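Fold and contact review
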Amino acid sequence: FYELPPASPRKTADDVEALKEIFSLRPKILRNLAEEEWEPLHIVVGLSHLLHGRVSLEWLPTGFVGVSKFDTATTVRMMNFHINHIHDVKRMREIGITMGKILCAGPNAGSCDECMKIADTLYSLDSLPELPYEKCTCDMGCRCVVVAKIPRL
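Analysis parameters
- Residues numbered from 1 in each chain as written.
- Predicted model: local features only at pLDDT ≥ 70, side-chain atom pairs only at ≥ 80, totals over all residues.
- Heavy atoms only, no water.
- Helix = DSSP H or I, 4+ residues; strand = E, 2+ residues; numbered from the N terminus.
- Buried < 20%, exposed > 50% of the residue type's maximum accessible area, 1.4 Å probe, protein only.
- Polar contact = N/O pair within 3.5 Å; in protein donor to acceptor, adjacent residues only side chain to side chain.
- Contact = heavy atoms within 4.5 Å.
- Pairing = 2+ DSSP bridges.
- Axes fitted to C-alpha atoms, helices over the stretch in contact; angles between N-to-C directions.
- Parallel < 35°, antiparallel > 145°, perpendicular 65-115°, else oblique.
- Left-handed = near helix turned anticlockwise from the far one by under 90°.
- Nonpolar A, V, L, I, M, F, W, Y, C, P; charged D, E, K, R; others polar.

1. Quick word on the side chain of His42
Checked against the element boundaries, His42 lands in helix α2 (residues 35-50). Residue class for His42 comes out buried when judged on its relative accessible area of 3%. Within the structure, the side chain of His42 is placed 3.3 Å from the backbone oxygen of Ile22, a separation counted as a polar contact. Of the polar contacts made by the side chain of His42, one reaches the backbone oxygen of Leu25; its length is 2.7 Å. Leave out the neighbours within four places in its chain, and His42 touches Ile22, Phe23, Leu25 and Met79.

2. What about the sheet that holds strand β3 (residues 145-148)?
Here we have three strands laid out as an open sheet, ordered β2-β1-β3, and antiparallel in their pairing. Edge strands, defined here as strands with exactly one partner in the open sheet, are β2 (122-124) and β3. Pairwise comparison of adjacent strand axes, ignoring direction, gives a mean angle of 40° for this sheet. Across three bridges, the pairing between strand β1 (residues 99-103) and β2 is antiparallel. Following the sheet pairing, Lys101 is matched in β2 by Leu122.

3. A closer look at the packing of helix α1 (residues 12-24) against α2
Contact geometry of α1 with α2 gives a least axis separation of 9 Å together with a crossing angle of 150°. Between α1 and α2, the angle falls in the class roughly antiparallel. Between α1 and α2 lies a crossing of right-handed hand. Residues Asp15, Ala18, Leu19, Ile22 and Phe23 of α1 touch α2, and the partners they reach there are Glu39, His42, Ile43, Val45, Gly46, His49 and Leu50. Taken together, the residues that form the contact of α1 with α2 break down as seven nonpolar, three polar and two charged.

And the structure:
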């Protein structure tokens, strides 16, 4: 039996910065979200951050429509995936990584043709496509991720 070490105490200043970031983000895959729905989405995603991922979609307003091609849960998930992508790229930069490759689930696991077009291509971190990928047509939403290209020593 292995016990995880206790998590570092959270700092209010860090949470404030995270919430500022969350409220500023508008991923391209959600570009068709109605203007009045951004704030409720940001609030739910912000609460999810503060509650370590424990979020209820019931917190969204009753009339929340989201993006027509996604159900409500997928709309929220795409926002969370976008935040994770931004943080992944930031961490890569911090340790000196300059290149990354997009991985997707693959055609046999439900990845769409648009996601397959960007998969397995090496990009500089400055030229990476935004994830989740805006052209994705997957019913579940884009599940692509970026992985670091580790330079040879």
